[in-house]
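# Breakdown of the fold
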Amino acid sequence: MHALSIPTWIIHISSVIEWIAAIWLIWTYGELTGNRSWWALSLAMLPALISAMCACTWHYFDNAESLEWMVTLQATMTLVGNFTLWAAAVWIWRSTKSAKDTITAQPIKSKP
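Reference entry: report on the structure contained in this document. (Residues numbered from 1 in each chain as written. Predicted model: local features only at pLDDT ≥ 70, side-chain atom pairs only at ≥ 80, totals over all residues. Heavy atoms only, no water.)

### A look at the overall build of the protein
The number of helices and strands found in the protein is 4 helices and 0 strands. For the protein, the residues scored as buried account for 24% of the 112 residues in total. A sequence separation of at least 24 residues applies to 62% of the contacts in the protein between residues at least 6 apart. Of the accessible surface of the protein, which amounts to about 8300 Å², a share of 70% is contributed by carbon and sulfur atoms. (Helix = DSSP H or I, 4+ residues; strand = E, 2+ residues; numbered from the N terminus. Buried < 20%, exposed > 50% of the residue type's maximum accessible area, 1.4 Å probe, protein only. Contact = heavy atoms within 4.5 Å. Areas by Shrake-Rupley, 256 points an atom, 1.4 Å probe, with all protein chains shown as cover.)

Here's what the structure looks like:
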């Protein structure tokens, strides 16, 4: 008997693929906009990806007792990922706030 059913495996694997795609799309958005805070978000997503890969690996080997350390690593990466995602969100918020301040601080030119 395996640890996960085929439908559950499909969900696990598709979630990892979607997360990788999201990382790439966010990185690309950062390149297109020139806003480095979006690059930070894509990098901040990596611990959560590692966490997901730990879970998939542990389940792939039918939750082997010799790999129980991966459960600890998964939990740690989830915790680290939550903090890195929070920090990236704050960075994005601050970058948009400072961009708005710059726009409002510029004088309005009147037409002759």
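### Description of the environment of Met70
Note that Met70 resides in helix H4 (residues 69-105). Between the C-alpha atoms of Met70 and Trp58, which are 12 residues apart in sequence, the distance is 6.6 Å. Leaving out residues up to four positions away in the same chain, Met70 has contacts with Cys54, Thr57 and Trp58.

### Considering a nonpolar patch on the surface
On the surface, Trp27, Leu43 and Leu46 cluster together into a nonpolar patch covering about 250 Å² of accessible area. Of note, Leu43 is situated in helix H2 (residues 36-44). (Patch = residues over 30% accessible without salt bridge, like charges linked within 9 Å, V, L, I, M, F, W, Y side chains within 5 Å. Salt bridge = Lys/Arg side-chain N within 4 Å of Asp/Glu carboxyl O.)

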